[in-house]
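Listed below, chain by chain, are the residues.
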Amino acid sequence: MSNRITTEMLDRKIAWCKQNAFWGTPSAVPKMLDFYFEKTRASVAEDWPEAFTLQELADTLGLEQVRYRIYYSKDNLTCRLFVFRPHCTGPEEHKMLALGFVPAKDGDTENIPDQPVEEVEE
């Protein structure tokens, strides 16, 4: 092997430099993440507490609209709003955490807790 630089080697080196210049820092590399926000209420007759609207969330993330799913507990007193971020960067992840979202794990859609019901003894 010689010390000559071929055009293929130069092309690969230029592509590598462009990619690293684009991402800048490791925190800028996007990754797929799911987040959820949990809401609870005292009775089914009450409305769900409003922490933020989906439009406010979209504006915070700089998006036109947000992809989301909602799951409810069996007693309908707890709900989890799941937001999927297919290209989540570090700064975006920090924004989601600052809003009160939690990174979702496997099984978080099934293990939504029922609220304890206080029984009044007379």
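All values derive from a computational prediction rather than experimental measurement.

Here we have four strands laid out as an open sheet, ordered S2-S3-S1-S4, and antiparallel in their pairing. A strand with exactly one partner marks an edge of an open sheet, and here the two such strands are strand S2 (68–72) and strand S4 (102–103). Bridging between S2 and strand S3 (residues 78–88) involves five bridges; their strand directions are antiparallel. Pairing of Ile-70 across the sheet is with Leu-81, part of S3. Against the sheet, helix H3 (residues 90–98) touches strand S1 (31–40), S3 and S4, its axis set at about 170° to S3.

A separate point is the layout of surface pockets. A volume near 160 Å³ is recorded for the largest pocket. Secondary-structure elements contributing two or more residues to the lining of the largest pocket are S2 and S3. For the lining of the largest pocket, the element with the most residues is S2, which contributes three residues. When its residues are assigned to classes, the lining of the largest pocket shows eight nonpolar, no polar and two charged.

Let's shift gears to helix H2 (residues 54–61). Since the α-helix advances by 3.6 residues per turn, residues separated by three or four positions end up pointing in the same direction. What H2 keeps buried is the set Leu-57, Ala-58 and Leu-61. One side of H2 holds all its buried residues, which, seen down the axis, span an arc of 100°. Check the buried side of H2 and you find it contacts S3 and H3.

Among the residues of H3, those classed as buried are Gly-90, Glu-92, Glu-93 and Met-96. All buried residues of H3 fall inside an arc of 160° around its axis, so they share one side. The outward face of H3, more than 90 degrees from its buried face, is lined by the exposed residues His-94 and Ala-98. Count one or two residues on from H3 and you reach Gly-100, which has phi positive near 100°.

Bringing the packing of aromatic side chains into the picture now. Remark: the centre distance and the inter-plane angle together describe each pair of aromatic rings, the angle taken between the planes. Inspection of every chain in the model, using the stated rule, returns four aromatic pairs. A centroid spacing of 5.4 Å and a plane angle of 90° characterise the contact between Tyr-71 and Phe-82, whose relative ring orientation is edge-to-face. One end of the pair, Tyr-71, is in strand S2; the other, Phe-82, is in strand S3, and eleven residues separate them in sequence. An aromatic cluster is built from Tyr-36, Tyr-71 and Phe-82, whose rings are joined through pairwise contacts. Taking the ring centre of Trp-48 as reference, the NZ or CZ of Arg-41 above it sits at 3.9 Å.

The rules behind the values
Residues numbered from 1 in each chain as written. Predicted model: local features only at pLDDT ≥ 70, side-chain atom pairs only at ≥ 80, totals over all residues. Heavy atoms only, no water. Pairing = 2+ DSSP bridges. Helix = DSSP H or I, 4+ residues; strand = E, 2+ residues; numbered from the N terminus. Contact = heavy atoms within 4.5 Å. Axes fitted to C-alpha atoms, helices over the stretch in contact; angles between N-to-C directions. 1 Å grid on protein atoms, 1.4 Å probe; cavity = no way out; pocket = protein on both sides within 12 Å on 5 of 7 lines; lining within 4 Å. Points joined across faces, edges and corners; volume = space filled by probe spheres on them. Nonpolar A, V, L, I, M, F, W, Y, C, P; charged D, E, K, R; others polar. Buried < 20%, exposed > 50% of the residue type's maximum accessible area, 1.4 Å probe, protein only. Arc of directions from axis to C-beta. Phe/Tyr/Trp six-rings, centres within 6.5 Å; stacked < 30°, edge-to-face > 60°. Lys NZ or Arg CZ within 6 Å of the ring centre and 35° of its normal.

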